[in-house]
Amino acid sequence: MLAQRLGRRAVATELALERVEAAYLLRAFDDVHARAQVLLEREGVAPIARLAAQELRVRTCRATIAFADGATIGLAALAEQGIVYPETDGECVHALIPGLMKLNAWLDAHPEGFRDFPLDPSPKRLLCDAVETALTACVAYFGRPVLACYLILRQVQAAIDLGTVTMASPLMVTVVAQAFSSFTGQFREGPRWTRQGVDLAVRLGSPLHADCLAIDGLFERFWRPVEESRETYAESMRIATLSGSFQGVSFTILGDLYMRQFWGGRPLPQMATAASKAAEQSARIGDALSLSACRIVMGLA
């Protein structure tokens, strides 16, 4: 009888999680939080199910630019798993400078990078990495970019130490480029990290492939004319559209509109037209981050 009750509870939890994920895919973001909260308040919910619900909430906060809530939820979720971070930016910086140099030295010594790293089969590690990946965007936009860089360093160094990766790893490997260049000013070092992330995403079939490509496009301007990144953004948009990744669409819009067109020196009337079209696309996918960026460009144009 106990086994039957436990079985029914597990099925009910699985169904509840599927409904939360369905709400996310349908862009019913308020419903994501409401359904996840109900699940989290149930007695006896397995820790892995709690973590899955929290990951969806943090992802939703990123999509709706509720960055403060995303930071709070994500940090609390990872603390439940024993993953904690320095409380001050000063502590982060103290670890970041030597840590980032160590990462770069590792890639110098291992130019093949993550090519032979197998997937870690642990659901817990995958979810922790996924929470941390979404949390990175939240804390960066919330005003703690130094902490965001620390999260990147922690996850990528952990992958190297363990010799395994997860489906979330490609994006964090890619954004090492942003962390490293931010602290060293060596922007031309970035592309070798973005290419590592893109190659890893392709090999794993990661759902973050489009996101990685979009960030690769950001760094192409450091080694070739910015207009030539058009092909990378087009491929990123194609993959994001085919896979149904509206986060990938969002990243592509941000990169193409801001870095290729706006900062590339397009005339303002052309920018107004491009931003208006991108805003329509952002509204369709329900991503507030790219939509807000489009509105900023429209206001300037």
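Use the structure listed above.
Values in this document were obtained by computation on a predicted structure and should not be read as measured data. (Residues numbered from 1 in each chain as written. Predicted model: local features only at pLDDT ≥ 70, side-chain atom pairs only at ≥ 80, totals over all residues. Heavy atoms only, no water.)

**Q** Can you lay out the pattern of salt bridges for me, pointing to particular residues and giving the numbers?
**A** Summed over all chains, the structure comprises 19 salt bridges. One salt bridge in this structure joins D108 and R192, with 2.8 Å as the shortest N-O distance. Placement of D108 in helix 5 (residues 89-109) and of R192 in helix 10 (residues 190-204) is noted, with a sequence separation of 84 residues between them. For R195, the salt bridge is made with D216, and the minimal N-O distance between the two is 2.5 Å. On the criterion of sequence distance, the pair formed by R195 in helix 10 and D216 in helix 11 (residues 209-220) is long-range, its members being 21 residues apart. In this structure R195 comes out as partly exposed when scored by relative accessible area, which is 36%. On the accessibility criterion, D216 (3% relative accessible area) is buried. Put simply, E227, R230, D256, R260 and R266 are held in one network by salt bridges that share partners. (Salt bridge = Lys/Arg side-chain N within 4 Å of Asp/Glu carboxyl O. Helix = DSSP H or I, 4+ residues; strand = E, 2+ residues; numbered from the N terminus. Buried < 20%, exposed > 50% of the residue type's maximum accessible area, 1.4 Å probe, protein only.)

**Q** Give a detailed account of the packing of helix 14 (residues 268-285) against helix 15 (residues 288-300), specifying residues and quantitative values.
**A** Direction vectors running N to C along helix 14 and helix 15 enclose 160°, while the axes themselves pass 8 Å from each other. On the basis of their axis angle, the class for helix 14 and helix 15 is roughly antiparallel. In the crossing of helix 14 with helix 15, the sense of the turn from one axis to the other is left-handed. Here L268, M271, A272, A275, S276, A278, A279, S282, A283 and I285 of helix 14 come into contact with helix 15, specifically with S290, L291, C294, V297, M298 and L300. Considering only residue class, the contact of helix 14 with helix 15 consists of 13 nonpolar, 3 polar and no charged. (Axes fitted to C-alpha atoms, helices over the stretch in contact; angles between N-to-C directions. Parallel < 35°, antiparallel > 145°, perpendicular 65-115°, else oblique. Left-handed = near helix turned anticlockwise from the far one by under 90°. Contact = heavy atoms within 4.5 Å. Nonpolar A, V, L, I, M, F, W, Y, C, P; charged D, E, K, R; others polar.)

**Q** Tell me about a nonpolar patch on the surface, and name the residues and values.
**A** Where nonpolar side chains cluster on the molecular surface, the patch consists of V93, I97 and M101 and spans about 230 Å² of accessible area. For M101, a relative accessible area of 41% gives the class partly exposed. (Patch = residues over 30% accessible without salt bridge, like charges linked within 9 Å, V, L, I, M, F, W, Y side chains within 5 Å. Areas by Shrake-Rupley, 256 points an atom, 1.4 Å probe, with all protein chains shown as cover.)

**Q** Any chance you could break down the packing of helix 13 (residues 246-262) against helix 15 for me, citing the residues and the numbers?
**A** Relative orientation of the contacting elements helix 13 and helix 15 amounts to 25°, with a least axis distance of 8 Å. Overall, the two elements helix 13 and helix 15 adopt an arrangement that is roughly parallel. Crossing of helix 13 against helix 15: the hand is left-handed. Contact residues: S250, I253, L254, L257, Y258 and F262 in helix 13; L289, S290, A293, C294, I296, V297 and L300 in helix 15. In terms of residue class, the contact of helix 13 with helix 15 is built from 11 nonpolar, 2 polar and no charged.

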